[in-house]
Amino acid sequence: MAARLRIRGVVQGVGFRPFVYRLALRHGLTGWVQNDPGGVTVHLESDSIDAFLRDLHAELPPAAALEAVEVSESVSEGYPDFQIIASEQGGSRVTRISPDLAPCPDCLREMRDPTDPRYRYPYINCTNCGPRYSIILGLPYDRAKTTMRDWPLCAACAAEYADPLNRRYHAQPVACPECGPTYMLGPGRGWQAIEETARLLMAGNIVAVKAIGGYHLMCDARNDAAVGALRERKFRKDKPFALLARNAQVAEQTVYLSQAERELLLSAARPIVLASARLNLPLVAPLGTHLGVMLPSSPLQELLFDAAAPDLLVATSGNRSSEPMVTDDAAALASLSGLADAFLVGERPIARRVDDSVVAVGPLGLSTVRRARGYAPAVTAAFPPSSTPLLAVGPDLKNTVTLVVEGQAVTGSYVGDLEHLDCRKAHAQAIDDLLALYGLTSANCVVAHDLHPGYASTQLALSLPAARHIGVQHHHAHLASVLAEHGQWDRRVLGLILDGTGYGTDGSIWGGEFLVGSLEKGFERVGHLRPAPLIGGDAAARLPAQAAVGFLLEAGLELPAHFPAQARQAAGLLARAIPTTSAGRLFDAAAALLGFTHPQTYEGQAATWLEAQARQARAAHVQPLSFGWDGQTLDWQPALTALLTHSDAPAAAYAFHAGLAQALAQAAEDIGQRLGVSGVVLSGGVWQNQLLTELLAARLPRLLTNHAVPVNDGGVSLGQAALAWASSGAVKSDTDPQVF
Ligand code: ZN
Ligand code: ZN
Ligand code: FE
């Protein structure tokens, strides 16, 4: 007798077949292993394979992930030994592409061993680590279809590449100083260029450094002159800079880390982790309560610290404010020439831009703020079968794109805000790219987009040939993203969607929505914040005091004397204002009433300020502000009235959070009882507010929220895809809503 294993998951291009080979040798088993279109097939000439299976799960290579291992009986084929059989060609639509991974301990050890051929080599990697997504030009994943194709392997690398017992067996980006690319700074190459970069950073310079998925601008985080110069040159007034710490010890000196935060920091994805600040670095993060810290994600970054760079660096995206991160060397030299004092250029091209990911640990667990390097393009949700692939183009802010093929939702890397031409190009590119990786065109797909007719993403979607176009309401998509992530395809829930703004089904601007329903049957709007006029449209999003004027006029309240003239004059635009239920604007208004009356220099600044104020309050002595609830409308008027006469901003900010959490809990209980729904789902950008989440979680048990994708608009494409699935005939439904 024999056994046949069909293994699905991230099992190609991650050293899986040599791992199976070594395991079979150790267990004295004969047979074969082969990549196939669905993953990997293993044939074992034995029917006692329990020990083999146990070790398969226990010793999985770090970059691999198992989704399913199906074991069936098979007939003996009489194999005398164990073999790795060449792959079936043609590639598969469901082959998982691994995200880019930080260097593994074995590679780091070799990189620091003076006797190793790859001593101080900035492109060292193996099947357990290194770049993947950022270097792939096409599938199937082999060297000829990566950006390493221009560097033929030397004899030594070729021997490692061909040896099933070697850690570099079929490691596509394998290279060494003999045959591979290197880094350059001016005339200096390799280690010399890295040492010179470290010296320049130590001396207070700003250096553009090529990373895995784009260029960083780096400087010494403790050098105020350098950080100040970077702010001036980037025209970046207040938005915090990310930090790159030499190692976990330096990170611990910089921020307070819980066990979960430490694990995220050290994970192979190496995201930026937002955590409470221990160091006071006002120029790095003007609000000062939190800092975003990451550890080296490439051999080059490790080597920079080995070469005595300052042990805490600012590492911010190499771009001018809000443009996409630069990936191309010539473009970097051109567009960053006024920003950087020097360039450390790596020769290996970047196939696609991959920003640094940003995560935090919130009251409900992992909170993804920006999903990019180390995570994309991993699967974000498993979908029930549907005959047609689904393409969701995302919204215009914090855009991502999701493609669902054969039940797997692949969400691409963070694209950005599509108001910029370069980001719109990157968005179109991201769509082409994701489709091409799976051998599809948009005409094969149901294409989902936001309902907003003015969104660039909507217009792009409608210009694409498609099996069908589906418009998805923005906040329905937020709610759907959570249900899809959790695999809840038929569960009826209440969604508390607190968001910035999104186009409503009635043409007004939504953003504080109570929705009831399921993915299969669609959602119904059962409640919302009391609407207020959004005066001056997007200008109200930039100037919190102007947002506040809309709320105050709606409530017949007087405008505070401390408001800037611009905001007070905006009252004249009232007649042309569109009503909004935006929770984001409500937070802006509350911040303005408590003193944040200047324009925001980055999105979410006022809300972050309000949360930071609240965290300074002595919470035990604070009485929550009251909100009204009539069964459908949550009324902010009593709370804002109280804020008009506050005497203590931190206490008032806390009272606002506590009161809103209390009112939301009451509304959820009321709706839940009347409509017979128990599960409560949180999504929308306002839920990045961890204090509000914590206060609500204390009142409502078993809240569901996003983890794999952001609660902010970065998660919307997944939700669009989920509702496109529901409406594209994949499910039987007794209602047939036109609009999701
Ligand atoms: Zn490695
Ligand atoms: Zn070599
Ligand atoms: Fe949104």
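Residues numbered from 1 in each chain as written. Chains lettered and ligands numbered in written order. Predicted model: local features only at pLDDT ≥ 70, side-chain atom pairs only at ≥ 80, totals over all residues. Heavy atoms only, no water.

(A) How the structure looks around the coordination of the zinc ion (ligand 1). Cys-104 (SG), Cys-107 (SG), Cys-126 (SG) and Cys-129 (SG) make up the full set of protein donors to the zinc ion (ligand 1), lying at 2.3 Å. Every donor counted, the four donor atoms about the zinc ion (ligand 1) form angles of 104 to 118° at the centre, which fits tetrahedral coordination. Along the chain, the residues donating to the zinc ion (ligand 1) fall in the pattern C-x2-C-x18-C-x2-C. Look at Cys-104 and you get buried, because its relative accessible area is 7%. (Donors = N, O, S within 2.8 Å, 3.2 Å for Na, K, Ca; no water. Tetrahedral: all angles 85-135°; square planar, octahedral: opposite > 155°, others 65-115°. Buried < 20%, exposed > 50% of the residue type's maximum accessible area, 1.4 Å probe, protein only.)

(B) Molecular detail of the coordination of the zinc ion (ligand 2). With distances of 2.2 to 2.3 Å, the protein atoms coordinating the zinc ion (ligand 2) are Cys-154 (SG), Cys-157 (SG), Cys-176 (SG) and Cys-179 (SG). Summarised as a motif, the one-chain spacing of the donors to the zinc ion (ligand 2) is C-x2-C-x18-C-x2-C. With a gap of 22 residues between them, Cys-157 in helix H4 (residues 155-162) and Cys-179 in the loop between H4 and strand S6 (183-185) connect regions that are remote in the sequence. Taken individually, Cys-157 and Cys-179 each receive the classification buried, so the pair is uniform in this respect. (Helix = DSSP H or I, 4+ residues; strand = E, 2+ residues; numbered from the N terminus.)

(C) A look at the side chain of His-43. Residue position: His-43 is located in strand S3 (residues 39-44). We classify His-43 as buried; its relative accessible area is 0%. A distance of 3.2 Å separates the side chain of His-43 from the side chain of Arg-4, its partner in a polar contact. Apart from residues lying up to four places away in sequence, His-43 is in contact with Ala-2, Ala-3, Arg-4, Thr-30, Gly-31, Trp-32, Ser-74, Val-75, Glu-77 and Phe-82. (Polar contact = N/O pair within 3.5 Å; in protein donor to acceptor, adjacent residues only side chain to side chain. Contact = heavy atoms within 4.5 Å.)

(D) Up close: empty space enclosed by the protein. With the rule as written, the count across this model stands at six cavities of 30 Å³ or more. Put simply, the largest cavity is a space of about 150 Å³. Here the lining of the largest cavity is composed, by residue class, of 14 nonpolar, five polar and two charged. In terms of lining, the second largest cavity is formed by 14 residues, of which the most central are Leu-364, Ser-367, Trp-687, Thr-693 and Thr-705. The set of elements that each furnish at least two residues to the lining of the second largest cavity consists of strand S16 (365-370) and helix H21 (690-697). A per-element tally of the lining of the second largest cavity places S16 first, with three residues. Looking at the lining of the second largest cavity, its residues break down into six nonpolar, eight polar and no charged. (1 Å grid on protein atoms, 1.4 Å probe; cavity = no way out; pocket = protein on both sides within 12 Å on 5 of 7 lines; lining within 4 Å. Points joined across faces, edges and corners; volume = space filled by probe spheres on them. Nonpolar A, V, L, I, M, F, W, Y, C, P; charged D, E, K, R; others polar.)

(E) Up close: the packing of helix H13 (residues 474-485) against helix H22 (residues 716-727). It is the contact of H13 with H22, at a shortest axis distance of 7 Å, that shows an interaxial angle of 85°. In this view, H13 runs roughly perpendicular relative to H22, as classed from their interaxial angle. Here His-474, His-476, Ala-477, His-478, Ala-480, Ser-481, Ala-484 and Glu-485 of H13 come into contact with H22, specifically with Val-716, Leu-718, Gly-719, Gln-720, Ala-722 and Leu-723. Per-class residue counts for the contact of H13 with H22 are seven nonpolar, six polar and one charged. (Axes fitted to C-alpha atoms, helices over the stretch in contact; angles between N-to-C directions. Parallel < 35°, antiparallel > 145°, perpendicular 65-115°, else oblique.)

(F) Examining unusual backbone geometry more closely. A cis amide bond, omega 0°, links Ala-376 with the succeeding residue Pro-377. By the element assignment, Pro-377 lies in the loop between S16 and strand S17 (379-382). If you check the backbone angles, Lys-398 has positive phi at about 45° while not being a glycine. With respect to the helices, strands and loops of the structure, Lys-398 is situated in the loop between strand S18 (390-392) and strand S19 (402-405). In this structure Lys-398 comes out as buried when scored by relative accessible area, which is 18%. Backbone geometry at Arg-702 places phi at a positive 55°, although glycine is not the residue there.

(G) Structural detail: the sheet that holds strand S1 (residues 2-10). Across the sheet, five strands lie side by side as S4-S1-S3-S2-S5; this open sheet has mixed pairing. Whereas interior strands pair on both sides, the edge strands pair on one side only; in this sheet they are strand S4 (65-74) and strand S5 (82-84). For this sheet, the mean inter-axis angle between neighbouring strands, taken without regard to orientation, is 15°. For S1 and S4, the ladder comprises nine bridges, and the chain directions are antiparallel. The partner of Leu-5 across the bridge, within S4, is Val-71. Helix-sheet contacts for helix H2 (residues 50-58) involve S1, S3 and S4, and the interaxial angle to S4 is about 165°. (Pairing = 2+ DSSP bridges.)

(H) Geometry of the pairing of strand S24 (residues 509-518). Across the 10 residues that make up S24, a large majority, 10, are buried. With eight bridges joining them, strand S23 (residues 493-503) and S24 adopt antiparallel strand pairing. Across the sheet, the residue bridging to Gly-495 is Leu-515, located in S24. Counting the residues in the hairpin turn of S23 and S24 gives five residues, including Gly-507, whose phi is positive at 85°. Direction of pairing for S24 relative to strand S25 (residues 522-529): antiparallel, over a ladder of six bridges. In the sheet register, Ser-518 faces S25, and the bridge partner there is Gly-522.

(I) Seen up close, the sheet that holds strand S22 (residues 468-472). With respect to topology, six strands assemble into an open sheet ordered S17-S20-S19-S18-S21-S22, the strand pairing being mixed. The open sheet terminates on both sides in strands that have one partner only, identified here as S17 and S22. This sheet shows a mean twist of 20° between the axes of neighbouring strands, independent of strand direction. Here strand S21 (residues 446-450) pairs with S22 via five bridges, running parallel. Along S22, the bridge assignment pairs His-449 with Gly-471. Docked against the sheet, H22 engages S17, S18, S19, strand S20 (408-411), S21 and S22, running at close to 140° with respect to S18.

(J) Up close: the pattern of salt bridges. Scanning the entire structure with this criterion turns up 30 salt bridges. The salt bridge involving Asp-55 is made with Arg-26; its shortest N-O contact spans 3.1 Å. Of this pair, Asp-55 sits in helix H2 while Arg-26 sits in helix H1 (residues 16-26), placing them 29 residues apart in sequence. Asp-670 serves as the salt-bridge partner of Arg-674, at 3.2 Å between the closest nitrogen and oxygen. Here Arg-674 and its partner Asp-670 are both found in helix H20 (residues 649-675), four residues apart, which amounts to about one turn of the helix. (Salt bridge = Lys/Arg side-chain N within 4 Å of Asp/Glu carboxyl O.)

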